[in-house]
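Coordinate analysis (summary)
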Amino acid sequence: MKQLFMLCATAGMAVFSGGCSAPEKVPEPKVWAWLAGSLDMSDKDWDYYFSKARQVGIDAILLQVHGGYPKVGADETDLTDREALEILKRAVPYAERYGIELHAWIWTLNRCEKNLRKMHPDWYQVNAEGNSCLDIKLYNREHYRWLCPSHPEVTEYLKARVAELADVDGVAGVHLDFIRYPDAILPYGLHESRGVVQDRVYPQWDHCYCETCREKFMAQGGADPMTLEDPTSCEEWMQFRWDAVVDLTNALCDEIHKHGKMATAAVFASPAESRKLVRQDWSRFVEADVLFPMIYHKFYNYDDPWVETATREGVEEMAANGCKGKLCSGLFVGHVPKDNIDQLIGYAVAGGSDGICFFSMNTMEQTDGYWDAFAAAIERFKKGELEVKQ
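No experiment lies behind these values; they were computed from the predicted model shown.

1. Observations concerning the overall build of the protein chain
When you go through the protein chain residue by residue, the secondary structure sums to 12 helices and 11 strands. In terms of overall dimensions, the protein chain is globule-like: its C-alpha atoms have a radius of gyration of 21 Å, near the 21 Å expected for 390 residues. Overall, the C-alpha framework of the protein chain stretches about 60 × 50 × 40 Å when taken along its three principal axes. Considering the protein chain as a whole, with its 390 residues, one finds that 57% of them fall into the buried category. Approximately 16100 Å² of the protein chain is accessible, and the part contributed by carbon and sulfur atoms is 48%. Put simply, the protein chain has 41 plus and 60 minus side-chain charges, and the middle of one group is 3 Å from the middle of the other.

2. Thoughts on the pairing of strand S5 (residues 173-177)
Where burial is concerned, most of S5 is hidden: 5 out of the 5 residues are buried. Burial of the side chains of S5 extends over both faces: Gly173, His175 and Asp177 are buried on one face and Val174 and Leu176 on the other. Here strand S4 (residues 101-107) pairs with S5 via 5 bridges, running parallel. Across the sheet, Ala104 pairs through a bridge with Val174, a residue of S5.

3. Focus: unusual backbone geometry
Here the residue pair His207 and Cys208 is connected by a cis peptide bond, since its omega of 5 degrees sits within 30 degrees of zero. With an omega dihedral of 0 degrees, the bond running from Phe359 to Ser360 counts as a cis peptide bond. Tracing the backbone shows Ser360 in the loop between strand S10 (356-359) and helix H11 (361-364). Positioned with a positive phi, Phe178 is a non-glycine residue whose angle comes to about 50 degrees. Secondary-structure assignment places Phe178 in the loop between S5 and helix H5 (191-194). Phi at Arg279 takes a positive value of approximately 55 degrees, unusual for a residue other than glycine. Mapped onto the elements, Arg279 comes out in the loop between helix H8 (271-278) and strand S7 (290-293).

4. Side note on the layout of surface pockets
By rolling a water-sized probe across the atoms, one finds the places where empty space is left. Taken as a whole, the largest pocket spans an internal volume of roughly 710 Å³. Of the residues assigned to the lining of the largest pocket, the class counts are 18 nonpolar, 5 polar and 5 charged.

5. Thoughts on the confidence of the model for the protein chain
The predicted model of the protein chain averages 91 in pLDDT, with 90% of residues at 70 or higher. Within the model, the stretch residues 1-29 combines pLDDT values under 50 with 66 contacts to residues more than four positions away or in other chains.

6. So, the packing of H8 against helix H9 (residues 306-320)
Where H8 contacts H9, the axes come no closer than 8 Å and their chain directions differ by 85 degrees. Regarding the angle of H8 to H9, the classification is roughly perpendicular. Residues Pro271, Glu273 and Arg275 of H8 lie in contact with H9, whose contacting residues are Trp306, Glu313, Gly314 and Glu317.

So, how was this worked out
- Residues numbered from 1 in each chain as written.
- Predicted model: local features only at pLDDT ≥ 70, side-chain atom pairs only at ≥ 80, totals over all residues.
- Heavy atoms only, no water.
- Helix = DSSP H or I, 4+ residues; strand = E, 2+ residues; numbered from the N terminus.
- Rg over C-alpha atoms; globule rule 2.2 N^0.38 Å.
- Buried < 20%, exposed > 50% of the residue type's maximum accessible area, 1.4 Å probe, protein only.
- Areas by Shrake-Rupley, 256 points an atom, 1.4 Å probe, with all protein chains shown as cover.
- Lys, Arg positive; Asp, Glu negative; His and termini not counted.
- Charge placed at Lys NZ, Arg CZ, Asp CG, Glu CD.
- Pairing = 2+ DSSP bridges.
- 1 Å grid on protein atoms, 1.4 Å probe; cavity = no way out; pocket = protein on both sides within 12 Å on 5 of 7 lines; lining within 4 Å.
- Points joined across faces, edges and corners; volume = space filled by probe spheres on them.
- Nonpolar A, V, L, I, M, F, W, Y, C, P; charged D, E, K, R; others polar.
- pLDDT = per-residue confidence, 0-100.
- Contact = heavy atoms within 4.5 Å.
- Axes fitted to C-alpha atoms, helices over the stretch in contact; angles between N-to-C directions.
- Parallel < 35°, antiparallel > 145°, perpendicular 65-115°, else oblique.

Here it is as structure tokens:
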């Protein structure tokens, strides 16, 4: 049996049946993709990816300009993200040449710069055992170094980082990634490969118990969270951490808007999973223009239809919380076989997604024939001719 998804062909709008209605503001692009940028990329590399985006029907690129291992400039006291700025400026001419909307994708609370770590070790998160994430390798990952969202100084530091990127001519917006706490529980499908047992939240993975957070929580009438027998069962303590990320995200989105650019964010797969696993209550990111739940379903041990379920949960919670931004489902190329792209896009659209986003352009290179299959599926998607086998 085949079900025909009638999609709105207006740029940036994709509505599952029911027809098209005029958006309240300029519509976002319908097809997005994440792309890792690097100072090592040649002119030929830049031209290849942006021309390929135009060829296969990608409207906007979320370009990673700040990642896990940034280089430190000559002045170790200068926190300007010069590497990110240089990557972004190199990309702009190619985005303009091929008519691709360009967004600067940055790691937000997960910041690894050695000069930052040296200058402000007190800004970093502490686990329930009292250990700073600067002193341990969470999940044996060197790059898992997390700033605390409750520090006012962290908010100001991150405002400065998004502002310098938003001021680059030719950039449409700033895309916030890792705008959360470290994984209190990893997505379930990763437990075996990472060698962890996480049937509940354990203190070594539970953050943030720094002095600032403890003092703020106690000032609100709560107990010292370090003394809680089961911190995850304390609704007030959970709410405190959810609110910290919500407040930071909305402040950064507001800062981006002050510079006349779009504010977007990558978030965990569904609101419930996000709150549980990484203390991220993203359906309250009310200042964001577009939220991209990364519905990488195989990492959660879910079958393909969960893409629709998770999308719908996000759409409904955003509406309930007055979040007027759009939701655009993110799909993981490794979980979307080239002969099943239509099906996965269809699930996202059926759940109410405004468009689609793929992670990543880089990994599309790794499967023979993926570009061609992707281009064909996107063409059907944009024409409203997408057929999904049931």
